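Reading the structure
Single-letter residue listing:
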Amino acid sequence: MSASRSEIQEALLRLDELTRRLRRECPWDREQDERTIVPHTLEEAYELADAANRRDDGKLLDELGDVLFQVHFLALLLEERGAGDLAAVAENTRQKLIRRHPHIFPPGSAETDAALAVAADAVETSGEVLANWDKIKQGEEGRERGIFAEVPENLPSLLYARKVQRRAASSGFDFPGVEGPLQSVRDELDELIEVAEVDGERARDARFHELGDVLFAAVNVARKLHVDPELALRAASTRFRGRVEGAETLASRAGHSWDDLDSDAQLGFYLRARMNEPEPGDQDA
């Protein structure tokens, strides 16, 4: 059963009151500022992403609460400096969402006042919604101008690549489908293979360059397939870790020490462990 509006309001108010008390009375909380808190915010965001990727609703509920506390705490820091507060954060987000969804809130609708009115291009797909979002965002007052304006350079590299590609696509510079990006992966991989076994300092620079191009092209494929490259790579890493641990267990059961096996024997146990994996899509079975 869903919580009522009053129950939601009361729960958020209790969390706000607790946040303020911790800020007043806890020595650790009193010492924090936005620079020291943000690393914890990022950590909580990654834990939230992991819970979502695992489809663990109990963990998701817990991690959402941790992220929500981070929002309350950072908003309180703004309030202390007279630069805003939680209400301003919420209202700014509400206005932004209305402004960037003109296909839902056209000028003249009950939710849209003159200050928020934006002419709406017809959109029918999620890709068109994203393109319209970027277009509206770039035209907002106070925004930096340029295709790549305000793209944070401290994003994780895979997400930074996707953000750059999205911005380029919003300007019309994009492949029409996924075949172009797939061919780019093939082409860049061929170029990497050419320099992979060449020696010398220039070759090392070339390998660095070509490997970056392969990764960038792979991110573009992920973007076209609507797959999060960060989560996909993390899931692949987790699968590999599970296979190696499974192979080590199989080797131990057979009376072998994993570290003492040669690479061929290790590969044999690895392949056996891989065969025991569920097929993609069977995790919920």
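So, here's what we can say about the structure. Predicted model, so just to flag it, every value in this text is computed and none were measured.

**So, the layout of surface pockets**
One number sums up the size of the second largest pocket: a volume of about 410 Å³. Contributing to the lining of the second largest pocket are 17 residues, with Gly127, Leu130, Arg166, Arg223 and His226 lying nearest its centre. Listing elements by their share of the lining of the second largest pocket, those giving two or more residues are α6 (126-138), α7 (157-170) and α9 (201-224). Tallied by class, the residues present in the lining of the second largest pocket amount to seven nonpolar, three polar and seven charged.

**Some thoughts on the packing of helix α3 (residues 34-54) against helix α4 (residues 57-80)**
It is the contact of α3 with α4, at a shortest axis distance of 9 Å, that shows an interaxial angle of 160 degrees. In terms of orientation, α3 lies roughly antiparallel with respect to α4. Crossing angle aside, the handedness with which α3 passes α4 is left-handed. Packed against α3, whose contacting residues are Glu34, Ile37, His40, Thr41, Glu44, Ala45, Glu47, Leu48, Ala51 and Ala52, the element α4 presents Lys59, Leu60, Glu63, Leu64, Asp66, Val67, Gln70, Phe73, Leu74 and Leu77 at the interface. Looking at the contact of α3 with α4 residue by residue, the class counts come to 11 nonpolar, three polar and six charged.

**As for the packing of aromatic side chains**
Inspection of every chain in the model, using the stated rule, returns two aromatic pairs. Here Phe69 and Phe73 contribute two aromatic rings whose centre-to-centre distance is 6.0 Å and whose plane-to-plane angle is 55 degrees, an arrangement assigned as tilted. Within this pair, Phe69 and its partner Phe73 are both found in helix α4, separated by four residues, close to a single helical turn.

**Quick look at helix α5 (residues 86-99)**
An ideal rise of 1.5 Å per residue puts 20 Å on 14 residues; α5 measures up with 20 Å between its terminal C-alpha atoms. The backbone nitrogen of Ala87 has a side-chain oxygen 3.2 Å away, supplied by the residue at the start of α5, namely Asp85.

**Thoughts on the nonpolar core**
One finds Ala247, Leu250, Ala251, Trp258, Leu261, Phe269, Tyr270 and Ala273 forming the largest nonpolar core, which totals eight residues. Where this core is concerned, the elements lending two or more residues are α10 (229-253) and α11 (263-275). Excluding residues that lie within four positions of it along the chain, Ala247 makes contacts with Trp258, Phe269, Tyr270 and Ala273.

**Looking at the pattern of salt bridges**
Going through the model one piece at a time under the given rule, you end up with 15 salt bridges. Here Arg23 ties to Glu80 by a salt bridge, and the two come within 2.9 Å at their closest N and O atoms. Note that Arg23 is positioned in helix α1 (residues 5-25) and Glu80 in helix α4, a separation of 57 residues in sequence. Relative accessible area serves as the criterion here: at 44%, Glu80 is assigned to the partly exposed category.

**Things to note about empty space enclosed by the protein**
With the rule as written, the count across this model stands at one cavity of 30 Å³ or more. When its volume is computed, the largest cavity comes out at roughly 40 Å³. Along the walls of the largest cavity sit Lys137, Gln138, Arg143, Glu144, Gly146, Ala149, Glu150 and Arg167, which together make up its complete lining. Partitioned by chemical class, the residues of the lining of the largest cavity number one nonpolar, two polar and five charged.

**Section: the packing of α10 against α11**
Look at α10 against α11: their axes get within 8 Å of each other, and the N-to-C directions meet at 115 degrees. Put simply, α10 runs roughly perpendicular to α11. The element α10 and its partner α11 pack so that their crossing is right-handed. Between α10, through Phe240, Arg243, Val244, Gly246, Ala247, Leu250 and Ala251, and α11, the contact on the second element is made entirely by Phe269, Tyr270, Arg272, Ala273 and Arg274. Residue composition of the contact of α10 with α11, grouped by class: eight nonpolar, one polar and three charged.

**Focus: the environment of Ala235**
In this fold, Ala235 is placed in helix α10. Note on Ala235: relative accessible area 21%, which makes it partly exposed. C-alpha separation for the pair Ala235 and Asn53, spaced 182 residues apart in sequence, amounts to 8.3 Å.

**Examining α3**
Each full turn of the α-helix corresponds to 3.6 residues, which orients residues three or four apart in the same direction. Between its terminal C-alpha atoms α3 stretches 30 Å, which fits the 30 Å expected from 21 residues at 1.5 Å a residue. Of the positions making up α3, those classed as buried are Ile37, Glu44, Leu48 and Ala51. On an axial view of α3, the arc spanned by its buried residues comes to 60 degrees, and they lie on one face. Facing away from the buried side of α3 by more than 90 degrees, the exposed set consists of Arg35 and Arg54. Where α3 is buried, its residues contact α2 (27-31) and α4. N-cap assignment for α3: the residue whose side-chain oxygen lies 3.0 Å from the backbone N of Arg35 is Asp33. Following α3 by one or two positions, Arg55 adopts a phi angle in the positive range, close to 55 degrees.

The rules behind these values
- Residues numbered from 1 in each chain as written.
- Predicted model: local features only at pLDDT ≥ 70, side-chain atom pairs only at ≥ 80, totals over all residues.
- Heavy atoms only, no water.
- 1 Å grid on protein atoms, 1.4 Å probe; cavity = no way out; pocket = protein on both sides within 12 Å on 5 of 7 lines; lining within 4 Å.
- Points joined across faces, edges and corners; volume = space filled by probe spheres on them.
- Helix = DSSP H or I, 4+ residues; strand = E, 2+ residues; numbered from the N terminus.
- Nonpolar A, V, L, I, M, F, W, Y, C, P; charged D, E, K, R; others polar.
- Axes fitted to C-alpha atoms, helices over the stretch in contact; angles between N-to-C directions.
- Parallel < 35°, antiparallel > 145°, perpendicular 65-115°, else oblique.
- Left-handed = near helix turned anticlockwise from the far one by under 90°.
- Contact = heavy atoms within 4.5 Å.
- Phe/Tyr/Trp six-rings, centres within 6.5 Å; stacked < 30°, edge-to-face > 60°.
- Expected span 1.5 Å × (residues − 1).
- Polar contact = N/O pair within 3.5 Å; in protein donor to acceptor, adjacent residues only side chain to side chain.
- Core = buried A, V, L, I, M, F, W, Y, C linked by side-chain atoms within 4.5 Å.
- Buried < 20%, exposed > 50% of the residue type's maximum accessible area, 1.4 Å probe, protein only.
- Salt bridge = Lys/Arg side-chain N within 4 Å of Asp/Glu carboxyl O.
- Arc of directions from axis to C-beta.

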